[in-house]
Amino acid sequence: MIYDVIIIGAGPAGMTAGIYTRRSGLSVLVFENGTPGGQAATTHAIENYPGFTEPVSGPELMSRFFEQMMNFGVEMKGKRIEGIDVSGEVKKVFADGEEYQAHALILASGASPRLLGAKGEGKYRGRGVSYCATCDGFFFKDKEVVVVGGGDSALQEALFLGKICKKVTLVHRRDTFRGAKVIQDRINLKDNIVTEMDQVVEEISGDESKVTEVILKNVKTGETKIVPASGVFIFVGYIPNTEYLTDENGLERNSQGYLITDEHLMTNNPGVFAAGDVRAKNLRQVATAVGDGAAVNPGVEHYLSEVKES
Ligand SMILES: Cc1cc2nc3c(=O)[nH]c(=O)nc-3n(C[C@H](O)[C@H](O)[C@H](O)COP(=O)(O)OP(=O)(O)OC[C@H]3O[C@@H](n4cnc5c(N)ncnc54)[C@H](O)[C@@H]3O)c2cc1C
């Protein structure tokens, strides 16, 4: 079968694209290799998505997206796309040794947390080092943790962990945070959240099975200090999920690897579209991912009508 559209990724962008393309009467197959909802499903509270006067939990909001998409009759496979072939008019994607075909592709594979690159990070990943406070925060109830980063995600998640943990040490390599002022003000009001500015993580260390301490280094003085901690939560940026792409695919990306699209969210390959965090753009949020998921539909429809006419 040749589908009208194959969507890679069921985060907010992919699921919105699924809803819009399916409502346009197209045959749609979505691939998702993890939990539907993507990054948005990993945060405890989303308070800037319009329509919710009280913060909504990421998993709850995403389960609503998922239910709505499935109600429209989108087909879904829980598989990881390992490669694509976009050299012909019929686009092919590959998963588990199988080939699937569509006239148009929407790449909505999002982004993943960037690694810190500190000594011990790999060794203690899953044994104290985490990139998701919602997923792992509860394991550190009444314990001391370190949060690394200076943007919105780091500040939000530090606040969340502050409610569960005994003490949160928020470490940032600069002398000011990048995150929203309103969240900074809330951090300042919390007695159990202390900030360590101008500090980088030199090493995460512990015993054979778990983290016990984090060694910080002051970027200005070179002094080091030890912070006792059972957990280290890292929020230092993101990288696009494009491992399934090769140079042979010929899709234009920016210097950070994000896909470049035109105003219809089409890449330089006609029929291949990109939506959400995987795309080069200014703001990566649920609202903008949803916007992309909706905005990609007219371009897809227009492209398919031209292909089918010719
Ligand atoms: C901790 C945290 C807190 C956040 N808080 C907020 C907030 O408060 N407000 C807000 O607006 N935004 C927030 N964001 C950002 C928001 O979650 C993202 O901007 C949004 O989820 C992007 O949606 P997306 O669909 O483009 O990508 P993603 O959410 O990254 O989803 C992409 C999906 O594609 C799947 N995928 C990737 N590669 C493949 C493959 N090869 N095959 C199959 N499937 C694949 C992934 O498993 C994933 O489910 C937060 C993000 C994080 C990490």
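None of the values given here were measured: they were computed from a predicted structure.

Novice: Mind showing me how you'd approach the pairing of strand β2 (residues 28–31) here?
Specialist: As a general feature of sheets, a regular strand has side chains that alternate between the two faces. Of the two faces of β2, both are covered, the one formed by V28 and V30 as well as the one formed by L29 and F31. Note: strand β1 (residues 2–8) against β2, 4 bridges, orientation parallel. Across the sheet, residue I6 finds its bridge partner in β2, namely L29. As paired strands, β2 and strand β3 (residues 75–77) are joined by 3 bridges and run parallel to one another. Residue L29 lies in a different strand from β3, and its bridge partner there is E75. Handedness of the β2-helix α2 (residues 58–71)-β3 crossover: right-handed.

Novice: I tried to follow the site of the ligand on my own but got confused; where do I start?
Specialist: Every one of the 37 residues lining the ligand counts as a neighbour, but E32, N33, Q39, D277 and V286 are closest to it. Between an oxygen atom of the ligand and a main-chain N or O atom of P12, the distance comes to 3.2 Å. The separation between a nitrogen atom of the ligand and a polar side-chain atom of N33 is 3.0 Å. Taking 1,000 Å² as the accessible area of the ligand by itself, protein coverage stands at 93%. Elements with a contribution of two residues or more to the shell around the ligand: α1 (12–23) and α6 (286–309).

Novice: Any chance you could explain the domain arrangement of the protein here in plain terms?
Specialist: It is common to give the size of an interface as the accessible area that goes away when the parts come together. Segmenting the protein into domains produces domain 1 (2–112 + 238–309) and domain 2 (115–234). Look at where the C-alpha atoms of domain 1 and domain 2 centre, and you get two points 32 Å apart. Counting from both sides, the interface comprises 5 residues of domain 1 and, opposite them, 8 residues of domain 2. Ranking the residues of domain 1 by area buried against domain 2 places T42, H44 and E47 at the top, with a combined share of 76%. In this structure, the salt-bridge partner of E47 is R186, at a minimum N-O distance of 3.2 Å.

Novice: Sorry if this is basic, but what is going on with the nonpolar core here?
Specialist: As a rule of thumb, nonpolar side chains are buried together in soluble globular proteins. By size, the foremost hydrophobic cluster in this structure holds 35 residues, and its most contacted members are I106, V286 and V300. Looking at this core, the elements that each hand over two or more residues are β1, α1, β2, α2, β6 (98–107) and α6. In terms of residues, this core owes the most to one element, α6, which gives 8 residues. Those residues in contact with I106 that lie beyond four places of it in its chain are V5, I6, I7, I8, A17, T21, F273, A275, V296 and V300. Core analysis: the second largest hydrophobic core is formed by 21 residues, A95, Y100, A102 and Y244 among them.

Novice: Hey, could you run me through the environment of T246 in this one?
Specialist: Topologically, T246 is positioned in the loop between β16 (238–240) and β17 (272–274). Judged by its relative accessible area of 43%, T246 falls in the partly exposed class. Along the chain, T246 and R125 lie 121 residues apart, while their C-alpha atoms are 28 Å from each other.

Novice: Where do I start with helix α5 (residues 181–188) in this structure?
Specialist: Two residues of an α-helix separated by three or four positions point the same way, owing to the 3.6 residues in each turn. Buried within α5 are the following residues: I183, Q184 and I187. Buried residues along α5 cover an arc of 105° about the axis, so they all sit on one side. More than 90 degrees from the buried face of α5, the exposed residues found are K181 and N188. Structurally, α5 contributes buried residues whose contacts are with α4 (152–164), β10 (167–171) and β11 (193–196).

Novice: Where do I start with the sheet that holds strand β15 (residues 231–234) in this structure?
Specialist: One open sheet accounts for 5 strands, arranged β8-β15-β9-β10-β11; its pairing is parallel. In the strand order of this sheet, the two ends are held by β8 (129–130) and β11, each with one partner. Pairing of β8 with β15, which is carried by 2 bridges, proceeds in the parallel orientation. For S130, the partnering residue across the bridge sits in β15 and is F233. Against the sheet, α4 contacts β9 (144–148), β10, β11 and β15, and its axis sits at roughly 165° relative to β10.

Cut-off values and rules
- Residue positions are given per chain, counting from 1 as you read along its sequence in written order.
- Reporting of local features is limited, given that this is a predicted model, to residues whose pLDDT is at least 70; pairs of side-chain atoms are given and counted only at 80 or more, and all residues count toward the totals for whole chains, interfaces and linings.
- To obtain the side-chain values, all non-hydrogen atoms of the structure were used and water was disregarded.
- The buried label goes to any residue with under 20% of its type's maximum accessible area, the exposed label to any with over 50%, and the partly exposed label to all in between, with areas taken from a 1.4 Å probe on protein chains only.
- Only runs of H or I of at least four residues qualify as helices and only runs of E of at least two qualify as strands under DSSP, and these elements are numbered from the N terminus.
- If DSSP finds at least two bridges between two strands, the strands pair.
- With strands facing away from the observer, any crossover in which the path from the first strand over the helix to the second runs clockwise is taken as right-handed.
- If a single non-hydrogen atom of a residue is within 4 Å of a molecule or strand, that residue counts as near it.
- Identification of polar contacts relies on pairs of N or O atoms within 3.5 Å, with a donor-acceptor requirement for protein atoms, meaning one able to donate a hydrogen and the other able to accept it, and with residues adjacent in sequence counted only if both atoms are side-chain atoms.
- The protein chains shown are the only cover counted for residues, whose accessible areas, like all others here, come from Shrake-Rupley with a 1.4 Å probe.
- Note: domain ranges come from an automatic or database domain assignment.
- Whether two residues are in contact is decided by their heavy atoms, any of which lying within 4.5 Å being enough.
- Joining two parts hides part of their accessible area as seen by a 1.4 Å probe, and the buried area is that hidden amount summed over both.
- One speaks of a salt bridge when a side-chain nitrogen belonging to Lys or Arg is within 4 Å of a carboxyl oxygen belonging to Asp or Glu.
- We define a nonpolar core as any set of buried Ala, Val, Leu, Ile, Met, Phe, Trp, Tyr and Cys residues linked to one another through side-chain atoms lying within 4.5 Å.
- Each C-beta atom gives one direction from the helix axis, and the arc is the one those directions make.
- Throughout, an axis means a line fitted to C-alpha atoms (over the contacting stretch in the case of helices), and angles, computed between N-to-C directions, take values from 0 to 180 degrees.

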